[in-house]
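# Understanding the architecture of this molecule
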Amino acid sequence: MEAGERRRLQREAAEYYRGLRVPERMEDALNALFPLHPQDLYGELVARGGEAAGRERSGLSWPRGGAVWVPAVPVPLPCPCLCRARAFAVPVPPPGPCPQPGRAARGSASVWWQFSALSPGPGKHCRGSVFVALGGWANYFSRFSKAPVICKLLGRKVIDGVGEPTLEVEIYCTVKNYEKRICSSVMATHSQIPENALPETIEADERERNDSVYTAVEWVSESLNTMLRDLDPTDQCQADKMLGEYFANKVEEKKEIEKQEKEIREEEESAKVTTSPASCRSAVTPKQKKGRKSGKKVSEDAPISPAEPAEPVLCGSLAIGGASLAIAKAGATISRVPLYLHTALLKHKERPKEITLPLPMVTVLYCEKNSPAKLKLVKEVMLIPPVELSLQQGIEIVQEIQKEMTRKMESPGKTPVSRADSRRGKAQKAQQGSLKRISHLGCLITGYDSLEQLLLQMQAACNNLGLELGTDMYLAINCAAHELMDYDKGKYKILTGTFRSPDEMVAMYVEMIKNFPFIIALIDPLRKEDREQWSSICRALGSKCFLIAEDAATQISKLKTDQNIDIAMCSGVVLKYINQTTVSDLIELTGILDGQRHISILGSPDRESSDESLVDLAVGLGARFLKLGGLCRGERVAKYNRLLAIEEELAANGALRKAKLEFVDFAEESQPGQLADVLPAPEQD
């Protein structure tokens, strides 16, 4: 049969069955026949028809001689081979109960219907086999079955990529009257503990983390499981709204508990004061005098702004982010689309014709702040492939550069030495033996004595491969300035024994980009408290380099205020999916960033998991960059592989749009009437 003739017959068949109101009549008949009918009648038909078709296809015997019971009313059914003949369900009175092993008999929620497909006359019957007929009926009735709904959430404690506990959320849905596991999500976490933290601080953080995971498992398996039951998994907005309200209630509960504890402590302290007032007064007087003297000293010696305290993380907040991500993945599975496309549909309300992939920031070197090497200014050195190359080509080149860097580190003495070091006779002493191991970010750990030494070695590695930095590959540097500040001196420690004030740091970065123009991104070049210097560096370098805030942007829950990012001027923000962040939060925040011509970068936390969803979120949200770490460690390589798979899929569908590198000229945007000091931003409860 020709394609045109088949399509014509399909249209005729569809009009015929719509005209006879087949679905409505079938549902009425089923309801009249079975008082205790299943919740999803058409879902039951689909399941039974598909099961019977599977038995026929595999040659298995059918129960009761192949009988599948239908209501005792003549109802026209679709002809699966779409010929002119119309098949009918002929009523066949059931001879009695038709029990199925493991199922109840007729009249319960699980029953058998018997289909007997007969043609109107000889020679006009369908030529398809029985299982084809049943499969056709199953496909037909699946259009009228109820949409899947969430029936169960299950929390579980698992291990992340660095051996620490984290949360996994499994989601189950009721699909055609049956409970079915749809997907799961594993949360990644971010540590706020610096590298040089004391052992007792690290131990306290580990205990707090374990408590948080156990609490999150309890929330998911109990409260959230009950709250989200019967919710449509494709309704992400409603799900995240309910999760946000739940989290807000938990925050209020914690505040109330803390308030009560504070009142109890105050009562106890007041009781002690009442019993010994004289001793308390004598102890208070010298403290007040001493405090006034120290206050004057601080105002003279510490003109810099103090560091903002770390934002407290509510114990169990992982449950909110994990449940939101699991629901997003379930919605994509139910809608039969990839997660990145499902995310794009949630953000733009329509399917985009083309999608631009984020450029990867691939970490190749990790410089420990507490290493014996002198250079403290650099924490990560990242490579960014040019937009002219495909991601596959770019990552292959990054791999070659990483191999060349490893070879050069294993062969000391051949590395280029800066002029200053040559004059001092320091022929790479720190470089020898500096290659130690692979970091948690999946890259080499090393150390250098100067910034020039590091950059010259990168240039030499690229030149050995016939590549040129600034043309065939670009560099990005994560300075992590919040870890450099010496609060006693009020300056940044960029080298051992070398300190710079915030204004001097701006001048240093301007000179750096002038001498090494292949550096196109600086992450956290200053602390978030140095707002004036952020504005200065953006006006000086914004048209040549991306000035990105990562830790300088704080957590998502504090970033958004009245549709603006409450941080200093910058090119963009690194967003991390951690704690109580929801998918709707990321959608809203990236929308604000897009509207104010700032870029969004999705970043992988320090403690990464094997879940690849971050890549899909970055693609669907339209992030400019994707910061995943290095090309080692399975949990990070899996994300790069997912990014390459998405590129291949989009290219095959003709939906891949080339990326562009466009800097923001803050000097122009700072004119009167233009927004300059406040950046667009992230949100959360």
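Anything mentioned here points back to the structure above.
Scope of this entry: the structure provided in the associated data block.

Calculation notes
- Residues numbered from 1 in each chain as written.
- Predicted model: local features only at pLDDT ≥ 70, side-chain atom pairs only at ≥ 80, totals over all residues.
- Heavy atoms only, no water.
- Helix = DSSP H or I, 4+ residues; strand = E, 2+ residues; numbered from the N terminus.
- Buried < 20%, exposed > 50% of the residue type's maximum accessible area, 1.4 Å probe, protein only.
- Contact = heavy atoms within 4.5 Å.
- Areas by Shrake-Rupley, 256 points an atom, 1.4 Å probe, with all protein chains shown as cover.
- Core = buried A, V, L, I, M, F, W, Y, C linked by side-chain atoms within 4.5 Å.
- Pairing = 2+ DSSP bridges.
- Disulfide = S-S within 2.5 Å.
- 1 Å grid on protein atoms, 1.4 Å probe; cavity = no way out; pocket = protein on both sides within 12 Å on 5 of 7 lines; lining within 4 Å.
- Points joined across faces, edges and corners; volume = space filled by probe spheres on them.
- Nonpolar A, V, L, I, M, F, W, Y, C, P; charged D, E, K, R; others polar.
- Polar contact = N/O pair within 3.5 Å; in protein donor to acceptor, adjacent residues only side chain to side chain.
- Patch = residues over 30% accessible without salt bridge, like charges linked within 9 Å, V, L, I, M, F, W, Y side chains within 5 Å.
- Salt bridge = Lys/Arg side-chain N within 4 Å of Asp/Glu carboxyl O.
- Lys, Arg positive; Asp, Glu negative; His and termini not counted.
- Charge placed at Lys NZ, Arg CZ, Asp CG, Glu CD.
- Phe/Tyr/Trp six-rings, centres within 6.5 Å; stacked < 30°, edge-to-face > 60°.

Time to look at the overall build of the protein chain. What the protein chain contains, in helices and strands, is 19 helices and 22 strands. Relative to its full complement of 685 residues, the protein chain shows a buried share of 49%. In the protein chain, 74% of the contacts between residues at least 6 apart in sequence involve partners at least 24 apart. In the form shown here, the protein chain has an accessible surface area of approximately 32,700 Å², with 51% of it arising from carbon and sulfur atoms.

A general tendency of soluble globular proteins is for nonpolar side chains to be buried together. Of all hydrophobic cores here, the largest spans 126 residues; its most connected members are Leu377, Met458, Tyr509, Ile519 and Leu522. Per-element accounting of this core gives the leading share, ten residues, to helix 8 (residues 318–335). The residues contacting Met458, other than those within four sequence positions of it, are Val364, Leu365, Val381, Leu383, Ile401, Met405, Leu469 and Leu475. Residues Met361, Tyr474, Ile599 and Ala659 belong to the second largest nonpolar core, which totals 17 residues.

A word on the sheet that holds strand 14 (residues 498–500). An order of 12-13-14 is seen for the three strands of this open sheet, with the pairing classed as antiparallel. The outermost strands of the open sheet, each flanked by one partner alone, are strand 12 (485–486) and strand 14. Examined bridge by bridge, strand 12 and strand 13 (residues 491–495) share two bridges and lie antiparallel to one another. Each residue of the ladder has a partner; that of Met485, found in strand 13, is Tyr492.

Relative to the assigned elements, Glu550 resides in the loop between strand 16 (546–549) and helix 15 (556–559). Owing to a relative accessible area of 8%, Glu550 belongs among the buried residues under this scheme. In contact with Glu550, not counting residues within four places along its chain, are Asn478, Ile523, Asp524, Val574, Lys576 and Lys627.

Turning our attention to the state of the cysteines. This structure, assessed with the given rule, holds zero disulfides. In this structure Cys367 is a free cysteine whose sulfur lies 8.8 Å from that of Cys443, the closest cysteine sulfur available. A relative accessible area of 3% places Cys367 in the buried class. In this structure Cys570 is a free cysteine whose sulfur lies 6.2 Å from that of Cys538, the closest cysteine sulfur available.

Moving on, we come to the layout of surface pockets. Looking at the second largest pocket, its volume works out to about 710 Å³. Surrounding the second largest pocket, 29 residues form its lining, Thr356, Asp594, Gly622, Arg624 and Arg657 being those nearest its centre. At the level of secondary structure, the elements contributing two or more residues to the lining of the second largest pocket comprise helix 9 (339–348), strand 7 (355–356), strand 20 (599–603) and helix 17 (613–621). When grouped by side-chain class, the residues that make up the lining of the second largest pocket number twelve nonpolar, six polar and eleven charged.

Looking at where Lys329 falls in the secondary structure, it is placed in helix 8. There is a polar contact of 2.7 Å between the side chain of Lys329 and the backbone oxygen of Ser184. Beyond its immediate sequence surroundings of up to four residues, Lys329 is in contact with Cys183, Ser184, Ser185, Leu339, Asp611 and Ser613.

This paragraph deals with a negative patch on the surface. Taken together, the side chains of Glu252, Glu256, Glu263, Glu266, Glu267, Glu268 and Glu269 make up a negatively charged region of the molecular surface. Topologically, Glu267 is positioned in helix 6 (residues 236–275).

Another aspect to go through is the packing of aromatic side chains. Counted by the stated rule, this structure contains four aromatic pairs. Summarising the aromatic geometry, the rings of Phe546 and Phe625 are spaced 5.4 Å apart at their centres and angled 75° between planes, so their arrangement reads as edge-to-face. Placement of the pair is Phe546 in strand 16 and Phe625 in strand 21 (residues 625–629), with a sequence separation of 79 residues. Looking at Phe625, the relative accessible area reads 0%, which means it is buried. Between Phe546 and Phe663, the ring centres sit 4.6 Å apart and the planes meet at 45°, which makes this aromatic pair tilted. With Phe546 in strand 16 and Phe663 in the loop between strand 22 (656–657) and helix 19 (666–669), this residue pair connects regions lying 117 residues apart in the sequence.

A few words now on the pairing of strand 11 (residues 474–478). Within strand 11, five of the five residues are buried, which leaves the element mostly enclosed by the surrounding structure. Alternating residues of strand 11 divide into Tyr474, Ala476 and Asn478 and Leu475 and Ile477, and every residue in both groups is buried. In terms of strand pairing, strand 9 (residues 380–384) meets strand 11 through five bridges, oriented antiparallel. The residue of strand 11 that forms the bridge with Leu383 is Leu475. Sheet topology places strand 11 next to strand 15 (residues 519–523); four bridges connect them, and they run parallel. By the bridge assignment for strand 15, Ala476 is matched with Ala521.

Right, let's get into the pattern of salt bridges. Per the counting criterion, the structure on display carries 22 salt bridges. Its salt-bridge partner being Arg8, residue Glu5 comes within 2.4 Å of it at the nearest N-O pair. Of this pair, Glu5 and Arg8 both sit in helix 1 (residues 3–19), three residues apart, roughly one helical turn. The class of Glu5 is partly exposed, set by a relative accessible area of 31%. Residue classification places Arg8 among the partly exposed residues on the basis of a relative accessible area of 27%. We note a salt bridge from Glu550 to Lys627, for which the minimum N-O separation is 3.6 Å. Highlighted residues: Glu550 in the loop between strand 16 and helix 15 and Lys627 in strand 21, separated in sequence by 77 residues. Both residues of the pair, Glu550 and Lys627, count as buried.

Take it as geometry only, folks, not as evidence of what the structure does.
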